[in-house]
Amino acid sequence: MQLLRRGNSGPAVAEIQAALSGLGLLHGPPPDAEYDDATERAVRLFQQRRGLSVDGIVGPETYRAIHAARFRLGDRLLSLSPSHPFVGDDVAALQDRLLELGFDAGRADGVFGARTEAALRSFQREYGLLADGSCGPSTLRALRQLGRLVVGGRPQQLRETEVLHRSGSSLAGKVVVIDPGHGGADRGATGHGLDEAAVAEDLAGRFEGRLQASGVRTLLTRGPDSCPTDADRADLANTAAADLLVSLHCDRSASAEPNGVAAYHYGTGAGTTSTVGEQLASLVQREVVARTDLLDCHVHAKTWELLRLTRMPAVRLELGHLTSPRDAARLADPAFRDVVAEALLVAVQRLYLPADLDPPTGVLRLADFAAL
Ligand SMILES: [Zn+2]
């Protein structure tokens, strides 16, 4: 494209001026499509705000940025269009929002690519919307409503930390809700002869036994034949005034390569987070990673319903990918499940230990508990 600078005139200049007026950077309708002092000042201001080189000249980068800035979220229906992707500030705003809510849209680069679409679909699925990957009125409404729901995280964070400190380091008498994912007709992820619901149930049993041996009162969110909604599961934990909730899942992927373990806690990724939930998720993740050879896929904040609706610190573990032959082989082994159950117990114990008593990751054994 031809560079536009002071002294130029014509339709291309008029277009830039219209965009700058729309952004509130140029006041009064420019009379004659003349790249005058006021236009140059507006261009410089725009460049400064966008972190572009400030030269007052409209080159390709500034042109693209001005063009992108014309769109506000909601101005147009956004979806994946591989041959001619949507580009604009509205896309960046959508990406920001998804990231803030814990959905991995990649970087907020303002280009609606496959990753943005995948994140949007996950968001839609999590919130019970039609998961069509396009951002229309109902999705926008949900994105905005959620903004109001997650406001006010601070008092909740303080409350959680205080409850944690007040409750003492002994596990005896604490109430832990164990939530095996899926259930009944919903088997969750499947692969290599395993199904997620069954793995989660079996692991829940092993974890439950260890908790009970430590004096913890345990509750399961489901039996083998039911699949309560996330809201029902959260409700059960809230009604029981549980101290913690541990949700057990396995992941799946479209291909055999992805593998590893990840832990999730409530958080929007934008300051609103469950501090204790994050602590619990980190401990669970660290203990599992230290005691197994599963790939560390790290701890992430999510606004999934179960995490959002539970009033106590909650963690959701995605233990391996059933679609990975490597992970599936581990998960099929009862001895491996015992190791994970012990890792979970140790993580719960460590959450309540004062910092000076907290042992390093991967070393605490069940038999040590009596000494604490
Ligand atoms: Zn699952």
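Attention in this report is confined to the structure presented alongside it. Here the structure is a predicted model, which is why all the values come from computation and not from measurement.

The subject of this paragraph is the nonpolar core. Core analysis: the largest hydrophobic core is formed by 42 residues, its most contacted members being Phe 207, Leu 248, Val 288, Leu 317 and Leu 319. Counting residues per element, the ones that place at least two in this core are β1 (175–180), α8 (196–213), β5 (244–251), β6 (261–266), α10 (275–291), β8 (314–321), α12 (325–331) and α13 (334–352). Aside from chain neighbours lying at most four places away, what touches Leu 248 is Ile 178, Asp 179, Pro 180, Gly 181, Ala 200, Leu 203, Ala 204, Leu 317 and Leu 344. By size, the runner-up hydrophobic cluster in this structure holds 30 residues, among which are Val 91, Phe 103, Leu 146 and Tyr 264.

The next subject is the packing of aromatic side chains. Throughout the structure, instances matching the rule amount to 1 aromatic pair. Looking at Lys 174, its charged tip hangs above the ring of Tyr 352, at a distance of 4.3 Å from the centre.

We now examine the sheet that holds β6. In space, the 6 strands of this open sheet follow the order β4-β1-β5-β8-β6-β7, with mixed pairing throughout. Looking along the sheet, the strands with just one partner apiece sit at the ends: β4 (217–220) and β7 (296–302). Adjacent strand axes in the sheet meet at a mean angle of 20°, parallel and antiparallel pairs treated alike. In this structure, β1 lies alongside β5, joined through 5 bridges in parallel fashion. Across the sheet, the residue bridging to Asp 179 is Ser 247, located in β5. On the sheet, helix α9 (residues 230–239) packs against β1, β4 and β5 and is oriented at approximately 165° with respect to β1. Each of β5 and β8 is contacted by α13, which is oriented at about 145° to β5, the strand it contacts most.

Quick look at the coordination of the zinc ion now. For the zinc ion, the protein coordination sphere consists of His 182 (NE2), Glu 196 (OE) and His 249 (ND1), at 2.0 to 2.1 Å. For the zinc ion, the single-chain donor residues occur in sequence as H-x13-E-x52-H. Highlighted residues: Glu 196 in helix α8 and His 249 in strand β5, separated in sequence by 53 residues. Comparing Glu 196 with His 249 shows no difference in burial state: the two are buried.

Our next topic: the environment of Gly 173. On the secondary structure map, Gly 173 appears in the loop between α7 (153–166) and β1. Between the C-alpha atoms of Gly 173 and Gln 212, which are 39 residues apart in sequence, the distance is 9.7 Å.

Cut-off values and rules
Residues numbered from 1 in each chain as written. Predicted model: local features only at pLDDT ≥ 70, side-chain atom pairs only at ≥ 80, totals over all residues. Heavy atoms only, no water. Core = buried A, V, L, I, M, F, W, Y, C linked by side-chain atoms within 4.5 Å. Buried < 20%, exposed > 50% of the residue type's maximum accessible area, 1.4 Å probe, protein only. Helix = DSSP H or I, 4+ residues; strand = E, 2+ residues; numbered from the N terminus. Contact = heavy atoms within 4.5 Å. Phe/Tyr/Trp six-rings, centres within 6.5 Å; stacked < 30°, edge-to-face > 60°. Lys NZ or Arg CZ within 6 Å of the ring centre and 35° of its normal. Pairing = 2+ DSSP bridges. Axes fitted to C-alpha atoms, helices over the stretch in contact; angles between N-to-C directions. Donors = N, O, S within 2.8 Å, 3.2 Å for Na, K, Ca; no water.

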